[in-house]
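One letter stands for each residue in the lines below.
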Amino acid sequence: EAIMAEEDPMVEVVDDEEEDDDGSTELSYETLLRLGERMGDVKTERWQLKARQEIDKLPLLTFTTKMAEGKDENDCYAKCLVCQFKYEDGDSIRILPCK
């Protein structure tokens, strides 16, 4: 909280830390909420920075109807298993590493 107060003088520093019997210090729920608001969604922001690099690592194929011949209609070479739409000739598809 001291750091938050240094960055924003309008932040009121309240001593809402509680000490447990074992000597550990815990922040109150309100303090954690304020901290979360200041930090933002770190996990999502971090993934957005890395997502394109990770997606580009996946093999890319151009779909042809020949790829789906003899396959079950629910096969990953016949339709997208995420959105369930059938592929059309010329669609670019990424091959996921799961089997």
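A quick note: this is a predicted structure, and the numbers were derived from the prediction, not measured.

1. Some details on the overall build of the protein
At step 1: Of the regular secondary structure elements, the protein holds 4 helices and 4 strands.
At step 2: The helix and strand sequence of the protein, counted from the amino end, reads α-β-β-α-α-β-α-β.
At step 3: Across the 99 residues in the protein, those meeting the buried criterion constitute 12%.
At step 4: Taking all contacts inside the protein whose residues are at least 6 apart in sequence as the whole, residues at least 24 apart take part in 45%.

2. Details of the pattern of salt bridges
At step 1: What the rule picks out here adds up to 4 salt bridges.
At step 2: Of the charged contacts in the structure, one is a salt bridge between R52 and D56, with a shortest N-O distance of 3.2 Å. Of this pair, R52 and D56 are both found in helix α3 (residues 42-56), 4 residues apart, which corresponds to roughly one turn of the helix.
At step 3: Here R52 falls in the exposed class, since its relative accessible area comes to 52%.
At step 4: A salt bridge links E54 to K57; its shortest N-O distance comes to 3.2 Å.
At step 5: Classification of K57 by relative accessible area gives exposed; the value is 60%.
At step 6: Each of the salt bridges in this network shares a partner with another, and the network as a whole consists of K50, E54 and K57.

Rules used in this analysis
Residues numbered from 1 in each chain as written. Predicted model: local features only at pLDDT ≥ 70, side-chain atom pairs only at ≥ 80, totals over all residues. Heavy atoms only, no water. Helix = DSSP H or I, 4+ residues; strand = E, 2+ residues; numbered from the N terminus. Buried < 20%, exposed > 50% of the residue type's maximum accessible area, 1.4 Å probe, protein only. Contact = heavy atoms within 4.5 Å. Salt bridge = Lys/Arg side-chain N within 4 Å of Asp/Glu carboxyl O.

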